[in-house]
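# Reading the structure
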2 protein chains.
Amino acid sequence: MALEYEFIKALRELPIHPGARQLLDDAAVLEVGGARLVLTHDMIVEGVHFLPGDPPADVAWKLVAVNLSDLAAKGARPVGALLGYTLGDGDWDRAFAAGLAEALAAFDLPLLGGDTVSAPVRALGLTAIGEAAGPVPSRSGAKAGDQLWVSGEIGGAGAGLALLQSGSDEPAALIRRYRRPEPRLAAGLRLAPLASAMMDVSDGLLIDAGRIAAASEVSIEIDLAAVPIAGGAARDSAVAAGDDYELLFTAPPAAEQSIRAVSAALGLPLTRIGSASPGEGLSLVENGRPLPLPERLGWEHRQPG
Amino acid sequence: MALEYEFIKALRELPIHPGARQLLDDAAVLEVGGARLVLTHDMIVEGVHFLPGDPPADVAWKLVAVNLSDLAAKGARPVGALLGYTLGDGDWDRAFAAGLAEALAAFDLPLLGGDTVSAPVRALGLTAIGEAAGPVPSRSGAKAGDQLWVSGEIGGAGAGLALLQSGSDEPAALIRRYRRPEPRLAAGLRLAPLASAMMDVSDGLLIDAGRIAAASEVSIEIDLAAVPIAGGAARDSAVAAGDDYELLFTAPPAAEQSIRAVSAALGLPLTRIGSASPGEGLSLVENGRPLPLPERLGWEHRQPG
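Calculation notes
- Residues numbered from 1 in each chain as written.
- Chains lettered and ligands numbered in written order.
- Predicted model: local features only at pLDDT ≥ 70, side-chain atom pairs only at ≥ 80, totals over all residues.
- Heavy atoms only, no water.
- Contact = heavy atoms within 4.5 Å.
- Buried area = accessible area lost by both parts, 1.4 Å probe.
- Salt bridge = Lys/Arg side-chain N within 4 Å of Asp/Glu carboxyl O.
- Polar contact = N/O pair within 3.5 Å; in protein donor to acceptor, adjacent residues only side chain to side chain.
- Phe/Tyr/Trp six-rings, centres within 6.5 Å; stacked < 30°, edge-to-face > 60°.
- Helix = DSSP H or I, 4+ residues; strand = E, 2+ residues; numbered from the N terminus.
- Buried < 20%, exposed > 50% of the residue type's maximum accessible area, 1.4 Å probe, protein only.
- Lys NZ or Arg CZ within 6 Å of the ring centre and 35° of its normal.
- Pairing = 2+ DSSP bridges.
- Axes fitted to C-alpha atoms, helices over the stretch in contact; angles between N-to-C directions.
- Least-squares fit on C-alpha atoms with pLDDT ≥ 70 in both.
- Expected span 1.5 Å × (residues − 1).
- pLDDT = per-residue confidence, 0-100.
- Right-handed = clockwise from strand over helix to strand, strands pointing away.

### Overview of the interface of chain A and chain B
Taken together, the 65 residues of chain A in the interface contact 65 residues of chain B. Across the chain A/chain B interface, buried area totals approximately 5100 Å², and carbon plus sulfur atoms make up 76% of it. When residues of chain A are sorted by the area they lose upon contact with chain B, Phe7, His41 and Leu112 of chain A head the list and together hold 13% of the total. Linking chain A to chain B there are 2 salt bridges. With its nearest N and O atoms 2.2 Å apart, the salt bridge here joins Arg94 of chain B to Glu6 of chain A. Run the count over chain A and chain B and you get 9 residue pairs in polar contact (both at pLDDT 80 or more).

Structure follows, in structure tokens:
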């Protein structure tokens, strides 16, 4: 964690593109000939972001999904992707390619190129390129008085991971939440014009909400009782579990009706879970009663093993 | 090798972007709002593409340079880059960041974003985005009757790698050719409108020339005696050594004078080393006398270790 913090701090002192948003956002925005491209690159590493026993097709799905989740949070539709692939075992690679075909077709994401290399460990990268239809919300736009919203349910993927780590692969719905996250592309496109700030929940609801608070220089309060928790997940661990790939966003109260209309149109729960006020940092209440923050808010940085 | 061939074949059956050039080129071309973006993603892996003992700043340089070399071969100027970085040892990471700063400044390449992850091995990826000033030459445009040209000198990097592998780190000029390749960006910009096909020499002059022949459906003959060999390198091994990151291109005979003018303007040798004719495959002559092709033409695919 200290390492990553220090490294990213060093990166911020490099020549940074104006569209990089000071490397504080999920994606970069590149204005080209009147169009606004959104660019993101995420890596997943075996033993860190996926389990050695995860089916290769699910790993392919996850690699695509985690990157498209960043595009979703910026209100961009997918344009194309570049793959960085470490070749290993032939059977695994074949199954991965089949899963990649499925994921690319599911999200209408054509392959633009990439690189295949030999490596002693699977470290897979994907660069996803999207085009924004309208405004591109950042993490830093939340204003005091805004409401905090989240899509879908929280904690299902974390519960699935815990099951897998304990040697169980049931219930299938939770395992699937971990292995086959669904990037909220349609919701992102519709919410981007309504949101003051938006990101995806990849490292944990609490830590990611704290990141919006820090970037926006506001205080964010979350009502734990309001958070929609996936069936089979425990509330306390769910909010720090990560891998949900739901949308977390703030919007002014005046947008509430429009947000509920998006929810109804897509059949996707959008739930108000908190609010932003002047100040800084994250706080937690339960039905109005202050709660101490848990010691661990989410994944600061994932260690191998 | 069979593995990579099979995997790339599987990738070709995926949904492919029209700008991906059937995954047969060094980079993809994305038309956006009247502009032509050129995109490439290359990975380098410790023990495969660089040596565990290589200075971290040189590894950073190489990661940037090998990607910009692809942009150079497509006549694109750098716009920005996304980094996929595997965190490891703090001192190494600090030195890498310093080297990255130097490389980004040297090539006027601002950082757009990326990802840092934990991993048990260093597997570094970079996506470089460029903008084409004019036509974007592919590998497939060579015509019978064209001349084959190469920039700079061949074999210096391979000789440097052989020295390092034998425990020597001198002469410094050859070591530098291996660790600090110079992408031919200025030459690429000026040659793109003149070339019928262009790529960079990354895997070896012979194997890469064979790729132009295959993609263009022509036969290519190289005159071994004409190839400009770096001082300190052996002619026979130089032409299959790889890591040169020089430009290899074909152009009609009528372009010869313009090509020589580019060479003079940039102070960069551009040497005519062969020609394309009807047919297929690669052949080698020396002062007009046919030579058998060596068994190994270059790096088909690099194995760890």
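Continuing now.
### Considerations on the packing of aromatic side chains
Under the definition given, this model contains 14 aromatic pairs over all chains. Summarising the aromatic geometry, the rings of Trp92 of chain A and Phe96 of chain A are spaced 5.9 Å apart at their centres and angled 15° between planes, so their arrangement reads as stacked. On the criterion of helical spacing, the pair formed by Trp92 of chain A and Phe96 of chain A is a turn pair, its members being 4 residues apart in helix α3 (residues 90-106). In this structure Trp92 of chain A comes out as buried when scored by relative accessible area, which is 10%. Using a relative accessible area of 0% as the deciding quantity, one classes Phe96 of chain A as buried. For the pair Trp149 of chain B and Phe249 of chain B, a centre-to-centre distance of 6.2 Å together with 5° between the ring planes defines the contact as stacked. With Trp149 of chain B in strand β6 (residues 147-151) and Phe249 of chain B in strand β9 (residues 247-251), the pair connects residues that are 100 residues apart, well separated along the chain. Each member of the pair, Trp149 of chain B as well as Phe249 of chain B, carries the same accessibility label: buried. Looking at Arg122 of chain A, its charged tip hangs above the ring of Trp92 of chain A, at a distance of 3.8 Å from the centre.

### Quick word on the environment of Arg211 of chain A
Residues and elements named next belong to chain A. When you line up the elements, Arg211 lands in helix α7 (residues 205-216). If sequence neighbours within four positions are ignored, Arg211 has contacts with Arg139, Met199, Asp203, Trp299 and Glu300. Within the local environment of Arg211, its side chain forms a polar contact with the side chain of Asp208, the two groups lying 2.8 Å apart.

### What about the sheet that holds strand β3 (residues 76-87) of chain A?
Residue and element names in this part refer to chain A. Within the open sheet, the 5 strands sit side by side as β1-β2-β5-β3-β4. Their pairing is mixed. The open sheet has two edge strands with one neighbour each: β1 (28-32) and β4 (111-118). If you compare each strand with its neighbour and ignore which way they point, the axes differ by 20° on average. Pairing analysis gives 9 bridges linking strand β2 (residues 35-45) to strand β5 (residues 123-132), with the strands arranged antiparallel. Bridging from a neighbouring strand, Val45 pairs with Ala123 of β5. Here α3 sits on the sheet and contacts β3, β4 and β5; the angle it forms with β3, its principal contact strand, is near 180°.

### Focus on the sheet that holds strand β2 (residues 35-45) of chain B
All names here are of chain B. The strand order β1-β2-β5-β3-β4 describes an open sheet built from 5 strands, whose pairing is mixed. Two strands in the sheet have a free side with no partner beyond their single neighbour: β1 (28-32) and β4 (111-118). Here the strands of the sheet are splayed against their neighbours by 20° on average, with no regard to which way each runs. Both strand β3 (residues 76-87) and β4 contribute to a ladder of 7 bridges, which runs parallel. Residue pairing across strands places Thr86 opposite Val117, the latter belonging to β4. On the sheet, helix α2 (residues 56-73) packs against β2, β3 and β5 (123-132) and is oriented at approximately 145° with respect to β2.

### Focus: the relation of the copies chain A and chain B
For the pair chain A and chain B, the best superposition has an RMSD of 0.0 Å and corresponds to a rotation of 180° with a translation of 0.0 Å parallel to the axis. The transformation just described matches what one would write down for a two-fold rotation axis. Measuring from the rotation axis to each C-alpha of chain A, the shortest distance belongs to Gly33 of chain A, at 2.3 Å. Most of the interface of chain A is mirrored in chain B: 100% of its interface residues are interface residues there too.

### A closer look at α7 of chain A
Residues and elements named next belong to chain A. If you check α7, its first and last C-alpha atoms are 16 Å apart, about what 12 residues at 1.5 Å a residue would give, namely 16 Å. By the burial criterion, the buried members of α7 are Leu205, Leu206, Ile207, Asp208, Ala209, Ile212, Ala213 and Ser216. After α7 finishes, the residue Glu217 shows a positive phi value of roughly 55°.

### Section: the side chain of Ser138 of chain A
All names here are of chain A. Mapping Ser138 onto the fold places it in the loop between β5 and β6 (147-151). Under the relative-accessibility criterion, Ser138 is labelled buried at 15%. Among the polar contacts listed, one links the side chain of Ser138 to the side chain of Ser140, at a separation of 2.9 Å. When near neighbours in sequence (up to four residues on either side) are disregarded, Ser138 contacts Arg21, Asp25, Lys74, Ser196, Ala197 and Met198.

### A few points about the pattern of salt bridges
All names here are of chain A. What the rule picks out here adds up to 38 salt bridges over all chains. A salt bridge links Arg21 to Asp25, with the shortest nitrogen-to-oxygen separation between them at 2.7 Å. For Arg179, the salt bridge goes to Asp54, with nearest N and O atoms at 2.7 Å. Here Arg179, found in helix α5 (residues 172-179), pairs with Asp54, found in the loop between β2 and α2 (56-73); they are 125 residues apart in sequence, far enough to count as distant. The class of Asp54 is buried, set by a relative accessible area of 4%.

### Quick look at the confidence of the model for chain A
When pLDDT is low, close inspection of the predicted coordinates is not appropriate. Model confidence for chain A is summarised by a mean pLDDT of 94, while 97% of its residues fall at 70 or above. Scored as a complex, the prediction yields pTM 0.93 and ipTM 0.92.

### Points about the pairing of β4 of chain A
The buried count for β4 of chain A comes to 7 of 8 residues, which makes it a mostly enclosed element. One crossover worth recording links β3 of chain A to the parallel β4 of chain A by way of α3 of chain A, and it is right-handed.

### Some details on unusual backbone geometry
All names here are of chain A. Residue Pro171 is bonded to the preceding Glu170 through a cis peptide linkage, with omega at -5°. Tracing the backbone shows Pro171 in the loop between α4 (156-165) and α5. The backbone phi angle of Tyr245 is positive, close to 55°, even though this residue is not glycine. Examined against the element boundaries, Tyr245 turns out to sit in the loop between α8 (235-238) and β9 (246-251). Since its relative accessible area comes to 8%, Tyr245 is described here as buried. Although it is not a glycine, Asn287 sits at a positive phi angle of roughly 50°. With respect to the element layout, Asn287 can be found in the loop between β11 (281-286) and β12 (289-291).

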